[in-house]
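Survey of secondary and tertiary structure
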Amino acid sequence: MQCPRQILTLVLLSFCSLAIAEDAIRMIAHRGGVVTDQIIENNLAAIEAAVERGYWMVEVDVRKSRDDVAVVHHDADFRRYYGDSRRVADLTWDQISKLRATPGNERPLTLAEYLQACGRRLRIMLDVKGRDLPDSYVAGIERTLRDYQQLNTTYVIGADEVKQRLTGKAIVSKSYDQIVAARDRGEDISSRYFLFPRGKRFKEPEVRKGLELGVPLVPSINVFHYSGINHMQQAKEDMDRLRSAGVTEIQIDSVYDQWLVDQP
């Protein structure tokens, strides 16, 4: 039989473990997964590496092909990785599917293929690129998210047409003032919206105001936010500051995840 001191010790250890777990940062992989010199962004190997490194969500970039296929690709053209200057919007899916990347020899993916690879292992942050997107294309994106059981939990950034269509179905990024206005209209903001600021600019007073709203706070820590040889240290300082302020989710370039991968 355990003595009172042993029982107290076990209770305290359990409490500490719970506190540490609640303090852990949920990582959201920028550019479709873990990206390295040998792994290209927005592709199969990046997804698998994200799963292995303990990511919770992946941010995936989507562009429309000439024949209205939702293609997983960040840039407007295929110069990076594929060495092809043609634009995504100017090519059919049949043409795009023949491209092969360096390194990895992988081809681009459709949104459906990407979601299938993620399965139930990773949630999705969806960044749909482009403007004046046709209704049929946007409806197809919604249908694909629903087919792969990701719609209700997807964080949506990017094209206004997609954000408008998925409001109330997914979780859509809005500014602080827009969320306050929605709250004042009586909307259930906690399940509909999230804040998506740059981590570098997201200071403690803004974090506190966001927490008071009760919506997810998802600051981004991305390479292009920083400059100079000290960018690694700058990113670490921002992550430490955000965590101390109460942030529990961060969208991050994998070059900066070394301080979060081994967290409890």
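Residues numbered from 1 in each chain as written. Predicted model: local features only at pLDDT ≥ 70, side-chain atom pairs only at ≥ 80, totals over all residues. Heavy atoms only, no water.

**Re the overall build of the protein**
- Looking only at helices and strands, the protein has 11 helices and 12 strands in total.
- A compact globule built from 264 residues would reach a C-alpha radius of gyration of about 18 Å, and the protein, at 20 Å, matches this within 12%.
- Projected onto the principal axes, the alpha-carbon positions of the protein cover approximately 70 × 45 × 45 Å.
- Burial analysis of the protein (264 residues in total) assigns 47% to the buried set. (Helix = DSSP H or I, 4+ residues; strand = E, 2+ residues; numbered from the N terminus. Rg over C-alpha atoms; globule rule 2.2 N^0.38 Å. Buried < 20%, exposed > 50% of the residue type's maximum accessible area, 1.4 Å probe, protein only.)

**Here we look at the packing of aromatic side chains**
- Applying the stated rule across the entire model yields five aromatic pairs.
- Summarising the aromatic geometry, the rings of F78 and Y82 are spaced 5.7 Å apart at their centres and angled 90° between planes, so their arrangement reads as edge-to-face.
- Taken together, the aromatic side chains of W56, Y155, F194 and F196 make up a single cluster linked through ring pairs.
- Directly above the ring of Y176 sits K209, whose terminal nitrogen or CZ lies 4.4 Å from the centroid. (Phe/Tyr/Trp six-rings, centres within 6.5 Å; stacked < 30°, edge-to-face > 60°. Lys NZ or Arg CZ within 6 Å of the ring centre and 35° of its normal.)

**Digging into helix α8 (residues 176-184)**
- By the burial criterion, the buried members of α8 are I179, V180 and A182. Taken end-on, α8 shows its buried residues confined to a sector of 160°, consistent with a single buried face. Projecting away from the buried face of α8 at angles above 90 degrees are the exposed residues D177 and D184.
- In the stretch just after α8, G186 is the one whose phi turns positive, near 95°. (Arc of directions from axis to C-beta.)

**With respect to the pattern of salt bridges**
- In total, this model carries 21 salt bridges according to the counting rule given.
- The residue D84 makes a salt bridge to R86 at a minimum N-O spacing of 2.8 Å.
- Assessed through its relative accessible area of 13%, D84 is described here as buried.
- What makes R86 partly exposed here is its relative accessible area of 36%.
- Between K236 and D240 there is a salt bridge; the shortest N-O distance is 2.8 Å. With a gap of four residues between them, K236 and D240 both fall in helix α11 (residues 231-245), about one helical turn apart.
- Among the charged side chains, a salt-bridge network with shared partners connects R31, E41, D75 and R80. (Salt bridge = Lys/Arg side-chain N within 4 Å of Asp/Glu carboxyl O.)

**Details of the confidence of the model for the protein**
- Per-residue confidence for the protein gives a mean pLDDT of 92, with 91% of residues at or over 70.
- Low confidence marks residues 4-20, where pLDDT is under 50. Its contacts with residues over four positions away, or in another chain, come to four contacts. (pLDDT = per-residue confidence, 0-100. Contact = heavy atoms within 4.5 Å.)

**Things to note about the pairing of strand β12 (residues 249-252)**
- Going residue by residue along β12, you find E249 and Q251 tucked away on one face and I250 and I252 tucked away on the opposite face as well.
- In the sheet, strand β1 (residues 26-29) pairs with β12 via four bridges, with the strands oriented parallel. Along β12, the bridge assignment pairs R26 with E249.
- In terms of strand pairing, strand β11 (residues 220-221) meets β12 through two bridges, oriented parallel. Note that in β12 the partner of I221 across the bridge is I252.
- The parallel pair β11 and β12, bridged by α11, forms a crossover whose chirality is right-handed. (Pairing = 2+ DSSP bridges. Right-handed = clockwise from strand over helix to strand, strands pointing away.)

**Considerations on the nonpolar core**
- Formed by 59 residues in total, the largest nonpolar core has its most connected members in Y114, L126, V128, V162, I221 and I252.
- It is helix α5 (residues 111-118) that contributes the most residues to this core, five residues altogether.
- Not counting residues up to four positions away in its chain, the partners in contact with L126 are V60, V62, L111, I141, L145, T154, Y155, V156, I157 and V162.
- Core analysis: the next-biggest nonpolar cluster, separate from the first, contains 10 residues, I40, F78, L91 and A101 among them. (Core = buried A, V, L, I, M, F, W, Y, C linked by side-chain atoms within 4.5 Å.)

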